[in-house]
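Single-letter residue listing:
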Amino acid sequence: MERAVWDAFPNLYLKPYVAEASKNLLAQYAYDLPKGVTMTAPGFYAPQGRNVRSENTFPNLIQLANSFKSDGLRITNLEMETAGIYALSRMFGHQALSINAILASRVAGHFSSEPDKVVDRAIKMILERF
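Residues numbered from 1 in each chain as written. Predicted model: local features only at pLDDT ≥ 70, side-chain atom pairs only at ≥ 80, totals over all residues. Heavy atoms only, no water.

S.K.: Lay out helix H4 (residues 82-91) with the relevant residues and their values.
M.R.: Three or more residues of H4 are buried, namely Thr-82, Ala-83, Tyr-86, Ala-87 and Ser-89. The buried side chains of H4 occupy one side of the element, clustering within an arc of 165° when seen end-on. In this structure, the buried side of H4 is in contact with strand S1 (37-40) and strand S3 (73-79). (Buried < 20%, exposed > 50% of the residue type's maximum accessible area, 1.4 Å probe, protein only. Helix = DSSP H or I, 4+ residues; strand = E, 2+ residues; numbered from the N terminus. Arc of directions from axis to C-beta. Contact = heavy atoms within 4.5 Å.)

S.K.: Break down helix H5 (residues 115-129) for me, with residues and values.
M.R.: Helix length check: H5, at 15 residues, gives a terminal C-alpha distance of 22 Å against a target of 21 Å (1.5 Å per residue), a fit within 8%. Regarding H5, the residues found buried are Val-118, Ala-122 and Ile-126. The buried residues of H5 all sit within an arc of 55° when viewed along its axis, so they share a single face. Turned more than 90 degrees away from the buried face of H5 sit Arg-121, Lys-124, Leu-127 and Glu-128, all of them exposed. Looking at the buried positions of H5, the neighbouring elements they touch are helix H2 (23-29). (Expected span 1.5 Å × (residues − 1).)

S.K.: Account for the layout of surface pockets, with residues named and values stated.
M.R.: Looking at the second largest pocket, its volume works out to about 530 Å³. With five residues, S3 is the largest single contributor of residues to the lining of the second largest pocket. Grouping the amino acids of the lining of the second largest pocket by side-chain chemistry returns 12 nonpolar, six polar and four charged. (1 Å grid on protein atoms, 1.4 Å probe; cavity = no way out; pocket = protein on both sides within 12 Å on 5 of 7 lines; lining within 4 Å. Points joined across faces, edges and corners; volume = space filled by probe spheres on them. Nonpolar A, V, L, I, M, F, W, Y, C, P; charged D, E, K, R; others polar.)

S.K.: Can you explain the nonpolar core? Please cite residues and give values.
M.R.: With 10 residues, the main nonpolar core is built from Val-37, Met-39, Ala-41, Phe-58, Leu-61, Ile-62, Ala-65, Phe-68, Ile-75 and Leu-78. The element that contributes the greatest number of residues to this core is helix H3 (residues 61-67), accounting for three residues. (Core = buried A, V, L, I, M, F, W, Y, C linked by side-chain atoms within 4.5 Å.)

S.K.: Any details on the environment of Glu-79? Residues and values, ideally.
M.R.: For Glu-79, the position within the fold is in strand S3. Residue Glu-79 is classed as buried on the basis of its relative accessible area of 11%. Note: C-alpha distance between Glu-79 and Thr-40 (39 residues apart in sequence) is 5.1 Å. Apart from residues no more than four positions distant in its own chain, Glu-79 is found in contact with Thr-38, Met-39, Thr-40, Ala-41, Gln-48, Ser-98 and Asn-100. Polar side-chain contacts of Glu-79 include one of 3.2 Å to the side chain of Thr-40. (Polar contact = N/O pair within 3.5 Å; in protein donor to acceptor, adjacent residues only side chain to side chain.)

S.K.: Let's hear about the packing of aromatic side chains: which residues, and what values?
M.R.: Within the structure shown, the criterion is met by one aromatic pair. Taken together, a centroid distance of 4.6 Å and an interplanar angle of 45° make the contact between Tyr-29 and Phe-130 tilted. Of this pair, Tyr-29 sits in helix H2 while Phe-130 sits in the segment after H5, and the two are 101 residues apart along the sequence. Owing to a relative accessible area of 11%, Tyr-29 belongs among the buried residues under this scheme. A relative accessible area of 65% places Phe-130 in the exposed class. (Phe/Tyr/Trp six-rings, centres within 6.5 Å; stacked < 30°, edge-to-face > 60°.)

Have a look at this one:
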């Protein structure tokens, strides 16, 4: 998938890297959950394609991310933590898994009306599996 990341963002000045979730933890805790690719941004507002008062360096980031496909997977989540957690876990020989509560569709412009309930459901579900 790493080559696909480079090819999908030809004008990107950053050098993306790919890190994976633990296959063991996926099988143990997320066996029935939808799978996708999380794109980890280096910041919260402009790096995630949000409009702020200054000019956005990558104004079409959301559209580029939405068009990305590799091995039947698509980018389904955009946040700031997962890649760093996966990279650190791999460096130190640990296993990591990111379970994400999807609260918005930036492409469609829809946002959850009850984000706290979506997050609480995800937390309770995973805690019950422990």
